[in-house]
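What follows is the residue order along each chain.
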Amino acid sequence: MKIPLHEIKTASHCLRKLNFSKKYPLNTSNLEVDIAQKVIQKAYIRSLEFGYKADWRTIIGWIDAHVFNDIDINNEEAFELGRKRSEHIIKFVQTWYKKI
């Protein structure tokens, strides 16, 4: 069986995991996942630059800036959807933040 180079890491852990990932590919077009990745990358870059991790309030500000960028704040329905999306991302990033 030939395994492409970009899948060797997955195959070395478990061949069933490789087979499962081909049958059910991960959908990475989710906006929440993209925002969380950008914020975590920015936090890592900031910690490498200055030598200490970013403040939690700063991270919340980054998340809100990404979420509410295209949302009309005067529209109550759109604001409520943005708030829920922001809270969902904050819960995920908070678990990551506590671990580091």
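Residues numbered from 1 in each chain as written. Predicted model: local features only at pLDDT ≥ 70, side-chain atom pairs only at ≥ 80, totals over all residues. Heavy atoms only, no water.

**Section: helix α5 (residues 76–99)**
- Compared with the 34 Å implied by 1.5 Å per residue over 24 residues, the 35 Å span of α5 between its first and last C-alpha is a close match.
- Those residues of α5 lying buried are Gly-82, Ser-86, Ile-89, Ile-90, Val-93, Trp-96 and Tyr-97.
- Buried residues along α5 sit in contact with α3 (31–50) and α4 (56–67).
- Capping the start of α5 is the job of one residue whose side-chain oxygen sits 3.3 Å from the backbone nitrogen of Glu-77: Asn-75. (Helix = DSSP H or I, 4+ residues; strand = E, 2+ residues; numbered from the N terminus. Expected span 1.5 Å × (residues − 1). Buried < 20%, exposed > 50% of the residue type's maximum accessible area, 1.4 Å probe, protein only. Contact = heavy atoms within 4.5 Å. Polar contact = N/O pair within 3.5 Å; in protein donor to acceptor, adjacent residues only side chain to side chain.)

**Details of the pattern of salt bridges**
- Taken as a whole and assessed by the stated rule, the structure comprises three salt bridges.
- We note a salt bridge from Glu-32 to Arg-85, for which the minimum N-O separation is 3.8 Å. A residue pair is termed long-range when its members are at least 10 positions apart, and Glu-32 in helix α3 and Arg-85 in helix α5 qualify at 53 residues.
- With a shortest N-O distance of 2.2 Å, Glu-80 and Arg-83 are connected by a salt bridge. Of this pair, Glu-80 and Arg-83 are both found in helix α5, three residues apart, which corresponds to roughly one turn of the helix.
- When salt bridges with common partners are traced through the structure, they connect Glu-80, Arg-83 and Glu-87 into a single cluster. (Salt bridge = Lys/Arg side-chain N within 4 Å of Asp/Glu carboxyl O.)

**Quick notes on the environment of Glu-76**
- Relative to the helices and strands, Glu-76 resides in helix α5.
- Each C-alpha atom of the pair Glu-76 and Ile-89 lies 20 Å from the other, and the pair is 13 residues apart in sequence.

**Some thoughts on the packing of α3 against α4**
- Contact pair α3 / α4: the axes reach a minimum separation of 10 Å and the direction vectors enclose 140°. The handedness of the crossing between α3 and α4 is right-handed. Contacts between α3 and α4 involve Ile-35, Lys-38, Val-39, Lys-42, Ala-43 and Arg-46 on the former and, on the latter, Ile-59, Trp-62, Ile-63, His-66 and Val-67.
- In terms of residue class, the contact of α3 with α4 is built from seven nonpolar, one polar and three charged. (Axes fitted to C-alpha atoms, helices over the stretch in contact; angles between N-to-C directions. Left-handed = near helix turned anticlockwise from the far one by under 90°. Nonpolar A, V, L, I, M, F, W, Y, C, P; charged D, E, K, R; others polar.)

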